[in-house]
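Below, each chain spelled out in residue letters.
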Amino acid sequence: MLFGGNGRKDDLVLECIRVVDPTQGIDEVLTVTVEQGVITRLEPTATTASGRIVAPAFVDPHVHLRTPGREDEEDIASGTRAAAAGGYCAILAMPNTDPVIDSAAVLGALVERAEVEAEIPVGFLAAISKRQEGAELTEMIELAERGAAGFSDDGRPVVSAGLLRRALQYHEVAGRPIALHCEEPALSRSGQMHEGIISAELGFHGYPSVAESVMVGRDLALAAHEGQPIHLLHLSARESVEALHQAQAAGVAATGEVTPHHLCLTDEAVRSLDPNLKMNPPLRSEEDRKALIEGIRDGTIAAIATDHAPHAGYEKDVPFEEAPFGVTGLETAFAVLNTRLVEPGILSLATVLERLSAGPARIYGLEPPRIAVGAPANLVVLDLEATWCVAHDEFRSRSANSWLLGSTLTGKVVQTVADGKIVFAA
Amino acid sequence: MAEVRPLLRDELLPPRRLERRHLISIADLTREDVERLLSLARAFGRSLEREVKKLPTLKGRTVVNLFFESSTRTSSSFELAAKRLSADVMSIKSSGSAVDKGESLKDTAITIGAYDPDVVVIRHPHIGAPHVVARWTKAHIVNAGDGTHQHPTQALLDLYTIDEELGGVSGVHVAIVGDVLHSRVARSNIQALALMGARVTVVGPPALIPRGIEALGCEVSYSIDTIRDADVVYVLRMQRERMLEGANYVPSLREYTARWGVTPGRLRPGQKVMHPGPMNRGVEIDAAVADAADALIERQVRSGLVVRMAVLYDLLTHGPVEVKVAEIEEVA
């Protein structure tokens with residue numbers, strides 16, 4: 001289900017380093033030895049650690065690699081390189097490409113490319129419907145057998161409740177997670193930003209919270225009715241978090257994810273009219289942001305996913321209203337979460353590390369990265385105190401549409417080990 | 001559990017280069033700025049009563065008018081304002097330019113920027129267009145209307161007109177009637193009037209009044225009867241070209257006119273009626289009301305000239321980067 005990463009296995013020793021592994025409740029200073037890509041020793045040491053920590057590497061279940069079709073914006077090599085620099089040992093790519101990943105043939109071709117080009121293991125979701133047009137199901141069993149990590153029409157909602165129901169029924173035999181982009185198009189129509197006081201002031205068509213929560217409600221009801229699990233992508237509204245929480249309490253197998261930008265920003269940011277603040281779903285109010293943070297804290301939302309959405313410079317360098325939606329995020333995710341949420345004491349480091357790694361892995365049935373003797377080395381070494389400036393020309397991604405351009409962040413990825421191979425060293 | 005710390009606006013904005021001032025939104029102005037501009041406009045107004053109406057103030061300076069949307073009033077007003085101040089003026093309309101060949105706004109701005117204009121006046125159908133031009137030229141930018149966002153010089157000339165007509169703006173009650181949702185003029189006016197101490201009520205059908213508009217400094221009413229209480233009734237055009245198709249903002253224009261049309265019966269005798277133009281007689285404004293209001297509407301147009309002269313002059317002389325201009329001659 002994960003492809004590429006070139007099976008080279010490295011050796012390394014991390015001496016006297018603070019090991020933080022929330023999946024095993026470890027937070028102590030150890031010396032970590034990796035041999036042939038496997039953790040062979042974890043020895044307690046008496047010496048104080050440096051400002052660095054090592055944690056299970058991150059897993060991003062929501063990345064747009066733009067391949068095939070827009071390799072000018074990102075390709076498998078640059079996207080996985082960017083991920084490695086962000087501390088990720090695995091990513092999952094969305095199928096809204098050109099052509100859409102809706103057949104085993106297209107998926108197979110992509111898998112072959114990944115085996116050669118990917119710098120870290122990468123998985124691919126396939127579409128729920130052919131060409132993501134929302135009319136006919138894709139051949140999900142064949143796609144699953146060819147290696148699809150899950151199914152999604154992300155970029156668009158599944159507008160037809162009837163089609164979603166069929167997809168859920170088919171999940172019984174196709175087996176891979178169904179990930180849903182919840183947006184009622186009749187309500188979000190032409191919406192450029194959250195519908196609220198700021199959009200009233202700025203004059204933008206608004207995209208109200210109810211456009212998301214109406215479909216979240218529908219999708220949860222269908223999941224409950226069919227007794228099948230669903231995963232809700234990039235949640236943005238407090239009503240959605242509340243609905244997810246209640247469904248989980250009622251026993252529905254539903255999971256959710258949220259992006260770093262939705263955890264850190266509100267619609268106030270859009271006042272600058274910078275197109276790098278234009279996302280779908282949009283940045284919403286402070287109440288929504290608080291609810292998303294609480295959802296991460298109490299586990300209602302199990303994963304932080306970047307929804308890394310590269311765009312060519314010329315496409316974003318236009319008036320806000322004309323710009324496409326989306327921002328990159330792989331290379332800044334940990335740093336911005338550390339700066340804006342961990343340092344001020346809003347979320348604990350352990351929670352953030354868990355939601356960046358084990359949480360996403362479990363949703364897609366991947367083995368959660370862990371630091372234990374005998375486990376494959378999937379590690380990220382972080383310097384929690386280093387500060388750095390986010391610069392346009394220093395991204396490993398092919399695209400630089402980041403909302404953090406020019407910002408100074410605290411927290412840096414120093415080294416990443418993915419499936420036993422050192423894939424990044426600062 | 002730590003309180004979620006509200007993000008300060010400053011933390012969210014990208015680093016700003018404060019080399020020069022622009023007039024993109026009324027939100028960019030303080031009360032002092034507005035008073036200074038109105039006072040400048042009055043001075044220019046006096047100078048225009050002379051036989052020879054040209055002033056040497058902006059001689060040697062270049063003003064480029066970049067219009068991506070149709071306009072009669074605003075474009076002619078800016079062109080004449082710049083010429084009266086002896087500036088060199090270039091007026092470029094997007095149709096008939098390389099924009100027809102698909103040239104982007106950024107490239108258009110860079111091309112114009114090569115002429116080193118001191119001011120670029122831009123009207124564009126999309127919000128945020130002035131910011132793109134500001135990023136890619138070194139000129140002072142004047143927003144002549146960006147989509148449904150702002151049209152600050154319109155609001156300034158409306159303030160000037162009300163000030164002249166009623167002897168002041170503070171305490172004046174203005175009712176803004178019509179399609180507020182799609183109106184950049186409404187947004188600029190609500191902010192400008194509130195800034196100067198006027199009382200503003202917006203009136204229209206629910207779907208055309210943005211939720212949360214009160215935060216700009218106005219009250220909301222869905223009943224046309226409200227306009228009777230106002231000193232000034234400011235009528236907005238139904239912005240059909242900006243409306244989404246099939247969006248059902250009102251069931252029909254007929255019902256709109258029946259419920260919210262400004263007709264003589266809905267006005268008090270002597271009530272001031274204003275309209276930014278162009279008017280759709282018989283839709284938002286009754287033909288008889290339009291004719292009676294023509295005098296005031298004509299004053300708005302005249303105000304536009306001196307206000308825009310004031311804006312051009314002020315942008316170049318007041319701010320972090322001062323451009324050398326000739327002195328305004330004192331008029332006896």
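Here the structure is a predicted model, which is why all the values come from computation and not from measurement. (Residues numbered from 1 in each chain as written. Chains lettered and ligands numbered in written order. Predicted model: local features only at pLDDT ≥ 70, side-chain atom pairs only at ≥ 80, totals over all residues.)

1. Observations regarding the overall build of chain A
- If you tally the helices and strands in chain A, you get 14 helices and 17 strands.
- Taking 426 residues into account, the globule formula puts the C-alpha radius of gyration at 22 Å, and chain A, at 20 Å, falls close to it.
- Counting the 426 residues in chain A, one finds 61% classified as buried. (Helix = DSSP H or I, 4+ residues; strand = E, 2+ residues; numbered from the N terminus. Rg over C-alpha atoms; globule rule 2.2 N^0.38 Å. Buried ≥ 20, exposed ≤ 12 C-beta atoms within 10 Å, placed from the backbone.)

2. A short note on the overall build of chain B
- From N to C terminus, chain B includes nine helices and nine strands.
- Relative to a compact globule of 332 residues, whose C-alpha radius of gyration would be 20 Å, chain B shows 20 Å and is just as compact.
- A fraction of 74% describes how many contacts in chain B between residues 6 or more apart in sequence connect residues 24 or more apart. (Contact = placed C-beta atoms within 7 Å.)

3. A few points about the packing of helix H7 (residues 209–226) of chain A against helix H8 (residues 238–249) of chain A
Residue and element names in this part refer to chain A.
- In contact at an axis separation of 8 Å, H7 and H8 are set at 15° when each is read in the N-to-C sense. Classified by the angle their axes make, H7 and H8 are roughly parallel. Our pair here, H7 against H8, has a crossing hand that is right-handed. Contacts from Ser209, Glu212, Ser213, Val216, Gly217, Leu220 and Ala224 of H7 reach H8 at Glu239, Ser240, Ala243, Leu244 and Ala247.
- Along the lines of polarity and charge, the residues of the contact of H7 with H8 split into six nonpolar, four polar and two charged. (Axes fitted to C-alpha atoms, helices over the stretch in contact; angles between N-to-C directions. Parallel < 35°, antiparallel > 145°, perpendicular 65-115°, else oblique. Left-handed = near helix turned anticlockwise from the far one by under 90°. Nonpolar A, V, L, I, M, F, W, Y, C, P; charged D, E, K, R; others polar.)

4. Some remarks on the confidence of the model for chain B
All names here are of chain B.
- Residues with a pLDDT of 70 or more make up 90% of chain B, whose mean pLDDT is 88.
- In this model residues 7–18 is a low-confidence stretch, pLDDT under 50, and it forms 14 contacts with partners more than four residues away in sequence or in other chains.
- Predicted complex metrics record ipTM = 0.89 and pTM = 0.92. (pLDDT = per-residue confidence, 0-100.)

5. Thoughts on the domain arrangement of chain B
Residues and elements named next belong to chain B.
- The domains assigned to chain B are domain 1 (20–151 + 302–317) and domain 2 (152–300).
- The C-alpha-based centres of domain 1 and domain 2 are spaced at 25 Å.
- On the side of domain 2, 25 residues touch domain 1, which itself brings 25 residues to the contact.
- If you list the elements that add at least two residues to the side of domain 1 that touches domain 2, you get helix H2 (31–47), strand S4 (140–146) and helix H9 (287–317).
- For the side of domain 1 that touches domain 2, the per-class residue count stands at eleven nonpolar, ten polar and four charged. (Domains from an automatic or database assignment.)

6. Considerations on the sheet that holds strand S2 (residues 26–35) of chain A
All names here are of chain A.
- Reading across from one edge, S3-S2-S1-S4-S15-S16-S17 is the order of the seven strands in this open sheet, with mixed pairing throughout. What marks the edges here is a single partner per strand, and that holds for strand S3 (38–44) and strand S17 (421–425). Taken pair by pair, the neighbouring strands of this sheet meet at an average axis angle of 40°, ignoring direction.
- Here strand S1 (residues 12–21) runs beside S2; their pairing, made up of eight bridges, is antiparallel. Residue pairing for S2: valine 20 is matched across the bridge by aspartate 27. (Pairing = 2+ DSSP bridges.)

7. Re the sheet that holds strand S1 (residues 62–67) of chain B
Residues and elements named next belong to chain B.
- The strand order across the open sheet built from four strands is S2-S1-S3-S4, with neighbouring strands paired in parallel fashion. Whereas interior strands pair on both sides, the edge strands pair on one side only; in this sheet they are strand S2 (88–93) and S4. This sheet shows a mean twist of 15° between the axes of neighbouring strands, independent of strand direction.
- Sheet analysis places S1 next to S2, joined by six bridges and oriented parallel. Bridging from a neighbouring strand, phenylalanine 67 pairs with lysine 93 of S2.

8. Considerations on the interface of chain A and chain B
- Contacts between the two partners involve 32 residues from chain A and, on the opposite side, 32 residues from chain B.
- Listing elements by their share of the side of chain A that touches chain B, those giving two or more residues are helix H6 (197–202) and helix H10 (286–298) of chain A.
- No other element matches the four residues that H6 of chain A contributes to the side of chain A that touches chain B.
- When the residues that make up the side of chain A that touches chain B are grouped by side-chain class, the tally is 15 nonpolar, seven polar and ten charged.

9. Comments concerning the environment of arginine 218 of chain A
All names here are of chain A.
- Relative to the helices and strands, arginine 218 resides in helix H7.
- Taking the C-beta count within 10 Å as the criterion, arginine 218 has 18 such neighbours and is therefore assigned partly exposed.
- Note: C-alpha distance between arginine 218 and alanine 161 (57 residues apart in sequence) is 7.9 Å.

10. A short note on the packing of helix H3 (residues 73–84) of chain B against H9 of chain B
Residues and elements named next belong to chain B.
- Their axes nearest at 8 Å, the elements H3 and H9 cross at an angle of 50°. By the angle between their axes, H3 is oblique relative to H9. At the point where H3 passes H9, the crossing takes the right-handed sense. Between H3 and H9, the residues in contact are Arg73, Ser77, Phe78, Leu80, Ala81, Ala82 and Arg84 and Val301, Gly304, Leu305, Arg308, Met309 and Leu312, respectively.
- Of the residues contributing to the contact of H3 with H9, the split by class is eight nonpolar, two polar and three charged.

11. Details of the pairing of strand S5 (residues 173–177) of chain B
All names here are of chain B.
- Buried residues dominate S5, accounting for four of its five residues.
- Note that S5 and strand S6 (residues 199–203) share five bridges and pair parallel. Its bridge partner being in S6, isoleucine 176 is matched across the sheet by valine 202.
- Remark: the S5/helix H7 (residues 184–195)/S6 crossover connection has right-handed handedness.
- Pairing of S5 with strand S8 (residues 232–235), which is carried by four bridges, proceeds in the parallel orientation. Paired with valine 177 across the bridge in S8 is valine 235. (Right-handed = clockwise from strand over helix to strand, strands pointing away.)

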